Amino acid sequence: MGKIFFYILVFGGGLCAVFYPWIGVCLAYLFIILTPQNIWWWNFQGLRPVFYILAPTILGFVLSLIQGKIDIEAIKNRRNFYLFVLWLFFVLSYYFGPYMGKPSPYWFHDPNWVFNLIHKIFILYFIAVSCINDKRKIKFLSLVMLVSVIYLIYWANTQYFVYHHYGRIGGPVGTSGGSIYKDQNDFAMFFVTGLPFIYYFGWYLKNKPLRYALWFIIPFGWHAIFLTGSRGGLLGLCAIILVAALRSPKKNIGLALIPLFIVAFIWQAGSVMKQRSSTITQYEQESSAQSRIDAWKAATRMIISHPFFGVGLSAFGTAFSDYSNKRPREVHNTFLQIAAESGIIAGLMYLLVIWTNIKDLLRNSKIIGKDEKTDFLFYLNEALLTSIIGFAVCSMFLSLQVYEIFYYLCVLINTTRYLSSRYQQTYQ
């Protein structure tokens, strides 16, 4: 029965995407973010759900573009220019990076796989910002994150409470062993970006029992981050709690999050998270933190030596030995990873995207207000602002250059800003 359901969802959704590409966008991001193919893997043997949805979505987009049904106005902004230049330098570093093709045991990721993945990420992104252009569509797309984070909070806590999985818990990986949540730090990052959606969707709901039921999930989301044992995730969680507390529609409820979190950490963080968190300020004595600093130094040397195209896409591990006498490892800093592998311009484009997103969302909150016509956009704006700040904090300690949820957030931010500007023009 499950296999039949998912086959209908994939192929039925793919058929709908030919005529309504925005449906394909929502389904593609559902399979990317929730990863049902890893949770219920036995229903997906021989099936590539993202491919079977993305291919007809591209076809539907091209047909809609030819028919003049696509409004490209939403693409015309600095954010999308920065992302396009970032994409361009990823490509250039693949072809012109001096370490590309060199034999090495330290290719942490196959550059051909990363190259193909980057194209899929950006193609889906630019289709999404063209198609998700009204309030109904952005609601459906934002529900993808809400549904995904609620279920994966349940999944993570089930691993601990039901299946007695102890130690650091990563996300579902299925039989292939590949998943954007395979690494515990990336799994924690997901909850950091997803929890603000639960909090602000709760504010959006007018039914108070439903609101409180939704908010009841939040402490379990904190616990899910504790289970990953990720220090970067913990710092990101502290950041989103602080932002939510300061920007909450009701200050007393927002400020109550801080003592509640402290109690939850003391009561439920567990020995692994508490032990790892105690080393955050003592990085000189902690081997993992010190090795990250060594990697950051090596990345800096690479940027100085190869400022234009970097050492090559996904080639950081291969180049590492020429810039450090330490054991090669990932940078665990998104800006440095991008700049070292694809050049300083690519790194600056990433920083400009982050800065533009935060600046636009801060400005947006003053424009749209909370009346009946804009209350959803207002709360989504606040959720996105909190999420992107949490992401920015985590990205200082993680390599998230191909973390697809970042680009999903950029789609929502782009559309929120676009719809808000249209509202402002209409009611001025």
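Basis of the calculations
Residues numbered from 1 in each chain as written. Predicted model: local features only at pLDDT ≥ 70, side-chain atom pairs only at ≥ 80, totals over all residues. Heavy atoms only, no water. Helix = DSSP H or I, 4+ residues; strand = E, 2+ residues; numbered from the N terminus. Buried < 20%, exposed > 50% of the residue type's maximum accessible area, 1.4 Å probe, protein only. Contact = heavy atoms within 4.5 Å. Areas by Shrake-Rupley, 256 points an atom, 1.4 Å probe, with all protein chains shown as cover. Lys, Arg positive; Asp, Glu negative; His and termini not counted. Charge placed at Lys NZ, Arg CZ, Asp CG, Glu CD. 1 Å grid on protein atoms, 1.4 Å probe; cavity = no way out; pocket = protein on both sides within 12 Å on 5 of 7 lines; lining within 4 Å. Points joined across faces, edges and corners; volume = space filled by probe spheres on them. Nonpolar A, V, L, I, M, F, W, Y, C, P; charged D, E, K, R; others polar. Core = buried A, V, L, I, M, F, W, Y, C linked by side-chain atoms within 4.5 Å. Phe/Tyr/Trp six-rings, centres within 6.5 Å; stacked < 30°, edge-to-face > 60°. Patch = residues over 30% accessible without salt bridge, like charges linked within 9 Å, V, L, I, M, F, W, Y side chains within 5 Å. Salt bridge = Lys/Arg side-chain N within 4 Å of Asp/Glu carboxyl O. Axes fitted to C-alpha atoms, helices over the stretch in contact; angles between N-to-C directions. Parallel < 35°, antiparallel > 145°, perpendicular 65-115°, else oblique.

> Help me understand the overall build of the protein chain, please; the structure alone is not making it clear to me.
When you go through the protein chain residue by residue, the secondary structure sums to 19 helices and 0 strands. Overall, the C-alpha framework of the protein chain stretches about 60 × 55 × 50 Å when taken along its three principal axes. Across the 428 residues in the protein chain, those meeting the buried criterion constitute 57%. Considering only contacts within the protein chain whose residues lie at least 6 apart along the sequence, 77% involve residues at least 24 apart. Per element, the accessible surface of the protein chain, about 18,800 Å² overall, is 66% carbon and sulfur. Between the averaged position of the 36 positive side-chain charges in the protein chain and that of its 18 negative side-chain charges there is a distance of 5 Å.

> I would appreciate a short explanation of empty space enclosed by the protein in the present structure.
The gaps of empty space that remain are located by a probe, the size of a water molecule, rolled over the atoms. Scanning the model with the defined rule gives 1 cavity of 30 Å³ or more in all. Lining the largest cavity we find Leu 195, Pro 196, Tyr 199, Tyr 200, Ile 218, Trp 222, Leu 237, Ile 240, Ile 241, Ala 244, Leu 257 and Thr 386. Mapped by element, the contributors of at least two residues to the lining of the largest cavity are helix 8 (184-204), helix 10 (218-228) and helix 11 (231-247). Per-class residue counts for the lining of the largest cavity are 11 nonpolar, 1 polar and no charged.

> What should I look at first to understand the nonpolar core in this one?
Generally speaking, nonpolar side chains in soluble globular proteins are found buried as a group. Counting 142 residues, the largest nonpolar core has Tyr 29, Ile 33, Phe 190, Phe 191 and Trp 222 as the members making the most contacts within it. Once you skip the residues sitting within four places of it in the chain, Ile 33 turns out to touch Val 144, Met 145, Ser 148, Leu 152, Tyr 181, Phe 190, Ile 405 and Tyr 408.

> Looking at this structure, I do not really get unusual backbone geometry. What am I missing?
For residues other than glycine, phi is negative in most cases, and the peptide bonds are mostly trans. The phi torsion at Thr 35 lies on the positive side, around 50°, for a residue other than glycine. Considering the arrangement of structural elements, one finds Thr 35 in the loop between helix 2 (21-33) and helix 3 (36-39).

> In this structure, what is going on with the layout of surface pockets? I would like to understand it.
Empty space within the second largest pocket amounts to approximately 420 Å³. Lining the second largest pocket are 19 residues, with Phe 216, Ile 218, Pro 219, Phe 220 and Trp 222 sitting closest to its centre. Among the elements of the structure, helix 7 (135-161), helix 10 and helix 12 (251-268) are those that each provide at least two residues to the lining of the second largest pocket. Of the residues forming the lining of the second largest pocket, the biggest block, 8 residues, is contributed by helix 12.

> I tried to follow the packing of aromatic side chains on my own but got confused; where do I start?
The geometry of an aromatic ring pair is captured by the separation of the ring centres together with the interplanar angle, meaning the angle of the planes. Counting across every chain of the model gives 48 aromatic pairs. When the centroid spacing of 6.3 Å and the interplanar angle of 55° are considered together, the rings of Phe 90 and Phe 122 count as tilted. You can see Phe 90 sitting in helix 5 (residues 78-96) and its partner Phe 122 sitting in helix 6 (residues 111-131), a full 32 residues away along the chain. Taking relative accessible area as the criterion, Phe 90 reaches 2% and is therefore assigned buried. Joined through ring pairs, the aromatic side chains of Phe 84, Trp 87, Phe 90, Phe 122, Tyr 125, Phe 126, Tyr 350, Phe 391, Phe 406 and Tyr 407 make up one cluster.

> Sorry, what's going on with the side chain of Asn 38 here?
Locating Asn 38 in the fold gives a position in helix 3. Residue Asn 38 is classed as buried on the basis of its relative accessible area, which comes to 9%. With residues up to four places along the chain from it excluded, the contact list for Asn 38 reads Pro 172, Val 173, Gly 174, Ser 176, Gly 178 and Ser 179.

> I tried to follow the environment of Phe 61 on my own but got confused; where do I start?
Considering the arrangement of structural elements, one finds Phe 61 in helix 4 (residues 49-66). The residues contacting Phe 61, other than those within four sequence positions of it, are Pro 21, Ile 70, Ile 127, Ser 130 and Cys 131.

> Any chance you could explain a nonpolar patch on the surface here in plain terms?
On the surface, a cluster of nonpolar side chains totalling about 480 Å² of accessible area is made up of Ile 58, Leu 59, Val 62, Leu 63, Ile 66 and Ile 123. Considering each element in turn, the nonpolar patch owes the most residues, 5 residues, to helix 4. Secondary-structure assignment places Ile 66 in helix 4.

> Would you mind showing me how to read the packing of helix 8 against helix 10 here?
How two helices pack is summed up by the angle between their axes together with the distance between the axes. Contact geometry for helix 8 and helix 10: axes closest at 9 Å, N-to-C directions at 170°. Taken together, helix 8 and helix 10 sit at an angle that is classed as roughly antiparallel. Contacts from Gln 184, Phe 187, Ala 188, Phe 191, Val 192, Leu 195, Ile 198 and Tyr 199 in helix 8 reach Ile 218, Gly 221, Trp 222, Ala 224, Ile 225 and Thr 228 in helix 10. Looking at side-chain class alone, the contact of helix 8 with helix 10 contains 11 nonpolar, 3 polar and no charged residues.

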